[in-house]
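A closer look at the structure
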Amino acid sequence: MSNPTRREFPKRHRETDVRLTRRSFLRTAGFTAASAGTLSALSCSAGANQTGVSRKKRPNVVLVMTDDQGYGDLGCHGNDVIVTPNLDKLHAQSVRLTDFHVDPTCSPTRSALLTGHYSTRTGVWHTIMGRSLLGKHETTVADIFSASGYKTAIFGKWHLGDNYPFRPQDRGFQEVLIHGGGGVGQGPDYWGNDYFDDTYFHNGSEKKFEGYCTDIWFDGAMKFIETNRNEPFFCYIPTNAPHGPYNVADKYSKPYRDKGVQKNQANFYGMITNIDENMGRLMRRLKELDLEDNTILIFMTDNGTSGGHTGGMRGKKGSEYEGGHRVPFFVRWPAGGLKETDDVDRLSAHVDVLPTLIELCGLKKPRGLKFDGKSVAPLLRGEGGNWRDRTLLVHSQRIEYPEKWRKSAVMTQQWRLINGKELYDIQADPAQKNDVADANPKVVKKLRRSYERWWTDLSKGFDDYCEIIIGSDKQNPTRLMSHDWHTSRVPWNQGAIRNGMQVNGFWAVEIERDGTYQFELRRWPKETNASINGAVQGGKAITATEARLTIADVDLTRPVSREAHVVIFEVKLKAGKTRLQTWLSDDKGTSRGAYYVYAKRL
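I will try to describe carefully the structure that is included in this document. All values reported here derive from a predicted model rather than from experimental measurement.

The rules behind the values
- Residues numbered from 1 in each chain as written.
- Predicted model: local features only at pLDDT ≥ 70, side-chain atom pairs only at ≥ 80, totals over all residues.
- Heavy atoms only, no water.
- Patch = residues over 30% accessible without salt bridge, like charges linked within 9 Å, V, L, I, M, F, W, Y side chains within 5 Å.
- Areas by Shrake-Rupley, 256 points an atom, 1.4 Å probe, with all protein chains shown as cover.
- Salt bridge = Lys/Arg side-chain N within 4 Å of Asp/Glu carboxyl O.
- Lys, Arg positive; Asp, Glu negative; His and termini not counted.
- Charge placed at Lys NZ, Arg CZ, Asp CG, Glu CD.
- Helix = DSSP H or I, 4+ residues; strand = E, 2+ residues; numbered from the N terminus.
- Buried < 20%, exposed > 50% of the residue type's maximum accessible area, 1.4 Å probe, protein only.
- Pairing = 2+ DSSP bridges.
- Axes fitted to C-alpha atoms, helices over the stretch in contact; angles between N-to-C directions.
- Core = buried A, V, L, I, M, F, W, Y, C linked by side-chain atoms within 4.5 Å.
- Contact = heavy atoms within 4.5 Å.
- Parallel < 35°, antiparallel > 145°, perpendicular 65-115°, else oblique.
- Nonpolar A, V, L, I, M, F, W, Y, C, P; charged D, E, K, R; others polar.

Side chains of Lys 445, Lys 446, Arg 449 and Arg 453 sit close together on the surface and give a patch of like positive charge. If you trace the backbone, Lys 446 turns up in helix 11 (residues 441–458). Classification of Lys 446 by relative accessible area gives partly exposed; the value is 40%.

So, on to the sheet that holds strand 9 (residues 295–301). Overall, mixed pairing links the 10 strands, which are arranged 7-6-5-4-8-1-9-11-2-12 in an open sheet. With one partner strand each, in any of the chains shown, strand 7 (205–208) and strand 12 (342–344) form the two edges of the open sheet. Neighbour to neighbour, the strand axes of the sheet diverge by 20 degrees on average, direction disregarded. Of the pairings in the sheet, the one linking strand 1 (residues 60–66) to strand 9 comprises 7 bridges and is parallel in character. The residue of strand 9 that forms the bridge with Thr 66 is Thr 301.

Formed by 49 residues in total, the largest nonpolar core has its most connected members in Phe 145, Phe 234 and Tyr 236. Of all the elements, helix 9 (residues 353–361) adds the most residues to this core, at 6 residues. For Phe 145, the residues in contact, after removing those within four places along its chain, are Val 61, Tyr 150, Thr 152, Phe 234, Leu 357, Cys 361 and Leu 363. In terms of nonpolar packing, the next biggest core, distinct from the first, is built from 43 residues, Ile 497, Val 503, Leu 521 and Val 560 among them.

Of note, the bond from Ala 241 into Pro 242 is cis; its omega dihedral lies within 30 degrees of zero at 0 degrees. Among the structural elements, Pro 242 can be located in the loop between strand 8 (233–238) and helix 6 (250–257). Notably, Met 129 is not glycine yet its phi reads approximately 65 degrees, a positive angle. Here Met 129 shows up in the loop between helix 3 (106–115) and helix 4 (141–147). According to the relative accessible area criterion, Met 129 is buried, its value standing at 7%.

As a packed pair, helix 2 (residues 85–93) and helix 7 (residues 263–288) sit with axes 7 Å apart at the nearest point and diverge in direction by 55 degrees. With respect to helix 7, the axis of helix 2 lies oblique. Here Pro 85, Asn 86, Leu 87, Lys 89, Leu 90 and Gln 93 of helix 2 lie close against helix 7, whose contacting residues are Asp 276, Glu 277, Met 279, Gly 280, Met 283 and Arg 284. Among the residues making up the contact of helix 2 with helix 7, the classes are represented as 5 nonpolar, 3 polar and 4 charged.

Geometry only, nothing functional implied.
Have a look at this one:
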């Protein structure tokens, strides 16, 4: 496979931006708090807009983002093993941002993509621990498209919160079909899901499906597109594949095993080939519906590869090096006046996508909203002759509280400053093999100053929690899961629940109003119908004899009978922010939290 090439990239024009709260946006767009969940009922101004795009001619947008597929996991990027004919075709039809960057892991990338703000600014710097919840102050791409009269939908992986006010239906998406948590089979997902014939969440309700997860996402998307083909739509398809576990039908993985590819990688590549097959179905359907020309079709991935090829770059998913965060980004819009299919080698990132779509679609930009990114529409049109240099920054924290310089990359046209110490000339050394920090102290000093300003700005929100709201009419009852505990070790997947992981943590919550609340403490989710001390699917039995609940100034205990499925507490609470924590303990002092708590305002 070929090594990545490097050309000139620009430098960031400023480091600090101002946020407009989501509530302020809804007011400026003509919404009340009560109508925030049904943004499609209204639109922003119907008159002329900044780009002169008439409402009738506004383009549709389909944004496909795969999970854990890296830059080198495509045939068109030089991988001679993987089979991706449809994505290769899209590559040939598109303008390609060849130096496009995201965060090194899932939730941070999603938060930045959907808001135009650096992930840490949105409250997201991990994939668990309550640090994957998109701050309720943020205005999303779906909010803006909905307010401009578009139909909006998501199909696949959300991974920015499973409870109100963090669910996609709370954040501007009108049609929602997703799995729970950060992957199929994780703790917040429906119990026992394994990619085949699963139960997913459709507009907030559990629904059983037949078929493979990726096929289901694309089926849902194409049905949505067909239903709304006569009005503008924004369709977001963030697949969970090829994220592990690497489950896929044998017909997709066997051809790779037959080539001598080891099993896990064969499954990983098979998942991508299935995605490619679905991309072909989607592209054909757009053409059949006469929507191809005026639909902006975007393909990208959320971070570096987890199970494939790095494309000659250093590092994989989670890494601060190039292979962790440089990803493919293809844009096709036949009727949109974009430049002829070509590579655009200017530095760009996930934070640029929302401001770019606002410009391309002629949307009303909310008054006072500032982005960390900028529109790259001029580059896509071939009008980037006066494009200014810029500095962009990404990091991978994956801890409860951010640490300065941790797994960070400061990026400019020529340089990559890694962890505040190592320096690479990315044009001369795209594989990042030669640290030239000692030979370029002025460059190191300059880039460190950029990071210092960025860190000072973002650190203002480090002490804030994104509280899950309990007792709202929007979600009552609320199912809490240990995936969102604030603690150092988190039982975030179903395997940890089966094994009875002996850990504990608290949920940051907000009681919406004064009243009496009921809390059901469970080890297993309701759908298993299993006892607290019992074992499910080969899991470990425990011997809990006492349950404890603390919230606000309440601290209560109750006995746990041998066959109990649940322990119920009823408490009177005042409205406000607080912490919720639980314990399931035995007579020997062994303890763990209740992994599932169902909270209800009575």
